[in-house]
Amino acid sequence: MKSYISTTGIKRVTISNSIEGGVSKGTTVAATGAAAARGRLSSRPLLPVVLVLGILLPFLFVRIAFLVLESASSSSCSSPIECKGWRLFSRGYISQKLREELTRALMEVKDGNIVEGDTEGSLETFNELVKEITSKQQDIKAFAFKTKAMLLDMERKVQSAKKHELMYWYLASRGVPKSLHCLCLKLTEEYAVNAIARSRLPPPEHVSRLADKSFHHIVLLTDNVLAASVVITSTVEKAANPEKLVFHIVTDKKTYSPMHAWFAINSLKSAVVEVKGLHQYDWSQEVNVGVKQMLEIHHLICSHYYNNLKEEDFEHGGEHQNIFEALNPSCLSLMNHLRIYIPELFPDLNKIVFLDDDVVVQHDISSLWTLDLNGKVVGAVVDSWCGDNCCPGRKYKDYFNFSHPTISSNVDQDRCAWLSGMNVFDLEAWRRTNITSSYHKWLKLSLNSGFTLWQPGVLPPSLLAFEGYVHPIDPLWQVAGLGYRWSWAQGQILEAAAVLHFSGPAKPWLEIGSPEGTTFRMEDHEMEASKQAEGRRFLHCLFSVASFSCLAIRTRRLGNVITLDLS
């Protein structure tokens, strides 16, 4: 008999020579060792399983709890399987569901309508919004609706605040600062008590220059003493031949005394200055009636737009922003409207340069008198220095109502309007035209149309009256748009321009002007062109020093900075 012994599980084998009953007693199998080994082998795989379950079971419990809570709070699940599905290893699942939920709610709110009355009681702060949502346990859609109402209400308040701020800004431009008012009073007193202040302007030896066509005649229509002084002084300082300049200042009756006193006491040694009041003109009855009608219509236009402005509810920067021009001082200024009567004001002159009182002259302008206007009446900046499809001022559509057939049939809305701050007038050619009568015709058409033809201002009727009589000149003769809160003009353009025009409502001599002046970027330097800070120094000098010797005005240029120095 053959015996096969498997060594599996045997730790030790003993072989003996003793044999009993035909059986070998020497062969002994250690069964006890094999049984113990089998016990150890059966318990070894259980330990890793217990460890894995100990790690996974807490995570599984937390995951199931989150899914159950999410499904319980969800109000937009499409099916129970979607709400209670176990996505054990999907990262960001909760965040993704919240994003989807919020996106869906925002899209529903976006398409929904909220009437204006619903925003009146809307929440005003973020803390109120959080308190409202948490206390009433509202869903995401309610949160989105309340947020939309809150934002719409805030937007409405911001637009209203911007509108009123802009309105007040324009209103401030109509006021006369106390310092300038006191200046006029002080000069009026000097005119009354000081014989030098009443001396003849110009001196008798220079009277012949007033009608001499060989001299360069400059016309200013103004009632602002300080502004007129800066215009004249800056022009003289930059002139190549200041002795050829003759300034004609026309002012109203109330400003005549201080204006005369100022230039009589601070006379220029080279140029000639004439100061004349409107009350000193002996006009015909026809001219007097025309001036009166013109002023009445302009006052009606400005009053019409001003009354509508207080009731108008429009967004800041919208299409109605131009009606703020009704608050511009030039809208009611007698001196601004009188420029249409320049040929009657100066019957002995043939060619003049007209300057507004809110300009600063940076370069010599004597070559303007040699310009050939090709038979036109006025030479003005029309073409742009800022490239194609860009106007140095505004386009016709910014001034006129092209929905009215009277306007749309006469002018093109995309044309650039010519600038009026500095112009060359051929008065001889003007007298051969009907420009002044055409101007009055357009004013009457505006009156009959209910003031719907153009926005308030001096320029719109002039653009129509001078149609076909404008000769474009080099854009660098004048840069306008200063006095606003922004300017398209770059530093290099401002540096090269012969005349800077503060055409905006923030005139440099007003409190609303920037204390540091109107600043523009020019490469790595700051370029400054302002009269306000210097004007304040001038007024301080006037009231703190008894002598008038400190009142001489001069211009200076330091590097890339242009300023006015009243030291």
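Residues numbered from 1 in each chain as written. Predicted model: local features only at pLDDT ≥ 70, side-chain atom pairs only at ≥ 80, totals over all residues. Heavy atoms only, no water.

Visitor: Before we go on, may I ask you to explain the overall build of the chain in this structure?
Guide: Assigned secondary structure in the chain consists of 18 helices and 18 strands. In the chain, which comprises 567 residues, the proportion classed as buried is 43%. Just so you have it, the chain exposes about 30600 Å², and 55% of that area is on carbon and sulfur atoms. (Helix = DSSP H or I, 4+ residues; strand = E, 2+ residues; numbered from the N terminus. Buried < 20%, exposed > 50% of the residue type's maximum accessible area, 1.4 Å probe, protein only. Areas by Shrake-Rupley, 256 points an atom, 1.4 Å probe, with all protein chains shown as cover.)

Visitor: Just checking my understanding: could you explain the sheet that holds strand 14 (residues 499–501) for this structure?
Guide: Strand pairing in a sheet takes place through backbone hydrogen bonds and is either antiparallel or parallel in direction. Pairing is mixed in the open sheet, where three strands are placed in the order 9-14-13. Each edge of the open sheet carries a strand with a single partner, namely strand 9 (359–361) and strand 13 (478–479). The pairing of strand 9 with strand 14 spans three bridges and is classified as antiparallel. Paired with Val361 across the bridge in strand 14 is Val499. (Pairing = 2+ DSSP bridges.)

Visitor: In this structure, what is going on with unusual backbone geometry? I would like to understand it.
Guide: Between Leu201 and Pro202 the backbone carries a cis peptide bond, its omega angle lying at -5 degrees. Residue position: Pro202 is located in the loop between helix 7 (178–193) and strand 5 (216–221). In this structure, Asn374 is a non-glycine residue whose phi angle is positive, near 55 degrees. The residue Asn374 is located in the loop between strand 9 and strand 10 (378–381) in this model. Backbone geometry places Phe451, a non-glycine residue, at a positive phi of 65 degrees. Mapping Phe451 onto the fold places it in the loop between helix 15 (435–448) and helix 16 (459–465).

Visitor: Sorry if this is basic, but what is going on with the environment of Leu459 here?
Guide: The residue Leu459 is located in helix 16 in this model. A relative accessible area of 13% places Leu459 in the buried class. As a C-alpha pair, Leu459 and Ala417 span 42 residues in sequence and 9.0 Å in three-dimensional space.

Visitor: I'm lost on the pattern of salt bridges in this one. Help?
Guide: Two side chains of opposite charge can pair, provided their charged atoms sit close to one another. Enumeration over the complete set of coordinates arrives at six salt bridges. Here Asp356 ties to Arg339 by a salt bridge, and the two come within 2.9 Å at their closest N and O atoms. Of this pair, Asp356 sits in the loop between strand 8 (351–355) and strand 9 while Arg339 sits in the loop between helix 11 (334–337) and helix 12 (342–345), placing them 17 residues apart in sequence. In this structure, Asp356 and Arg339 share a single accessibility class: buried. The salt bridge involving Asp358 is made with Lys507; its shortest N-O contact spans 2.5 Å. Taken together, the positions of Asp358 in the loop between strand 8 and strand 9 and Lys507 in the loop between strand 14 and strand 15 (518–522) put the pair 149 residues apart, joining distant regions of the chain. Like Asp358, the residue Lys507 is buried in the burial classification. Within this structure, Asp153, Arg156 and Lys157 form a network of salt bridges that share partners. (Salt bridge = Lys/Arg side-chain N within 4 Å of Asp/Glu carboxyl O.)

Visitor: Could you clarify how one ought to interpret the packing of aromatic side chains in this entry?
Guide: Where two aromatic rings form a pair, the distance of their centres and the angle of their planes describe that pair. According to the stated counting rule, one finds 10 aromatic pairs in the structure shown. Centroid distance Phe354 to Phe425: 6.5 Å. Interplanar angle 70 degrees. Geometry classified as edge-to-face. Taken together, the positions of Phe354 in strand 8 and Phe425 in strand 11 (residues 422–426) put the pair 71 residues apart, joining distant regions of the chain. Note on Phe425: relative accessible area 5%, which makes it buried. An aromatic cluster is present here, built from Phe354, Trp418, Phe425, Trp430 and Phe466 joined pairwise through their rings. When the ring centre of Phe215 is taken as reference, the NZ or CZ atom of Lys244 above it lies at 5.5 Å. Looking at Lys276, its charged tip hangs above the ring of Tyr281, at a distance of 4.4 Å from the centre. (Phe/Tyr/Trp six-rings, centres within 6.5 Å; stacked < 30°, edge-to-face > 60°. Lys NZ or Arg CZ within 6 Å of the ring centre and 35° of its normal.)

Visitor: Even after reading the chapter, I still don't get the state of the cysteines, so can you show me in this structure?
Guide: Any covalent bond linking the sulfur atoms of two cysteines counts as a disulfide. Enumeration over the complete set of coordinates arrives at zero disulfides. You can see Cys182 has no disulfide; the closest cysteine sulfur is in Cys184, sitting 9.5 Å from it. (Disulfide = S-S within 2.5 Å.)

Visitor: What exactly am I supposed to notice about the sheet that holds strand 7 (residues 272–277) here?
Guide: On the basis of which strands lie adjacent, the open sheet formed by seven strands has the order 7-6-5-8-11-10-12 and mixed pairing. The open sheet terminates on both sides in strands that have one partner only, identified here as strand 7 and strand 12 (470–473). Shown here is a sheet whose adjacent strand axes are inclined to one another by a mean of 25 degrees, direction ignored. Pairing analysis gives two bridges linking strand 5 to strand 8, with the strands arranged parallel. Across the sheet, Ile218 pairs through a bridge with Val353, a residue of strand 8. This element, helix 8 (residues 225–238), spans strand 5, strand 6 (245–251), strand 7 and strand 8 of the sheet and lies at about 170 degrees to strand 6. Of the strands in this sheet, strand 6 and strand 7 touch helix 9 (residues 253–265), which is tilted by about 160 degrees from strand 7. (Axes fitted to C-alpha atoms, helices over the stretch in contact; angles between N-to-C directions. Contact = heavy atoms within 4.5 Å.)

Visitor: Looking at this structure, how should I read the side chain of Lys507?
Guide: The exposure class of Lys507 is buried, given its relative accessible area of 13%. Side-chain polar atoms of Lys507 contact the backbone oxygen of Phe502, separated by 2.7 Å. Of note is the side chain of Lys507, whose polar atom sits 3.1 Å from the backbone oxygen of Gly504. (Polar contact = N/O pair within 3.5 Å; in protein donor to acceptor, adjacent residues only side chain to side chain.)

Visitor: Sorry, what's going on with the nonpolar core here?
Guide: Considering soluble globular proteins, one finds that nonpolar side chains tend to be buried as a cluster. Judged by nonpolar contacts, the single largest core of 55 residues is most densely connected at Phe247, Phe263 and Ile365. Considering each element in turn, this core owes the most residues, eight residues, to helix 8. Listed in part, the 50 residues of the second largest apolar core include Leu338, Phe354, Val382 and Leu459. (Core = buried A, V, L, I, M, F, W, Y, C linked by side-chain atoms within 4.5 Å.)

Visitor: What am I meant to see in helix 15 here?
Guide: Residues that lie three or four places apart on an α-helix share one face, since the helix turns once every 3.6 residues. In this model helix 15 runs 20 Å from its N-terminal to its C-terminal C-alpha over 14 residues, within 8% of the 20 Å that 1.5 Å per residue would give. For helix 15, the set of buried residues is Ile435, Thr436, Ser438, Tyr439, His440, Trp442, Leu443 and Ser446. (Expected span 1.5 Å × (residues − 1).)

Visitor: Would you mind going over the pairing of strand 11 with me for this structure?
Guide: Each regular strand carries side chains that alternate between the two faces of the sheet. Of all five residues making up strand 11, four are buried, and the element is well covered by its neighbours. As paired strands, strand 8 and strand 11 are joined by five bridges and run antiparallel to one another. In the strand pairing of strand 11, Phe354 is matched with Asn423. Across two bridges, the pairing between strand 10 and strand 11 is antiparallel. Residue pairing for strand 11: Gly379 is matched across the bridge by Val424.

Visitor: For this particular structure, what's the right way to read the confidence of the model for the chain?
Guide: Parts of the model with low pLDDT should not have their predicted coordinates read in detail. Per-residue pLDDT for the chain has a mean of 75; in total, 67% of the residues score no lower than 70. Counting contacts from residues 15–32, a segment whose pLDDT is below 50, to residues more than four positions away or on other chains yields 19 contacts. For residues 515–567, every residue scores under 50 in pLDDT, and the model assigns this stretch 129 contacts once sequence neighbours within four places are set aside. (pLDDT = per-residue confidence, 0-100.)

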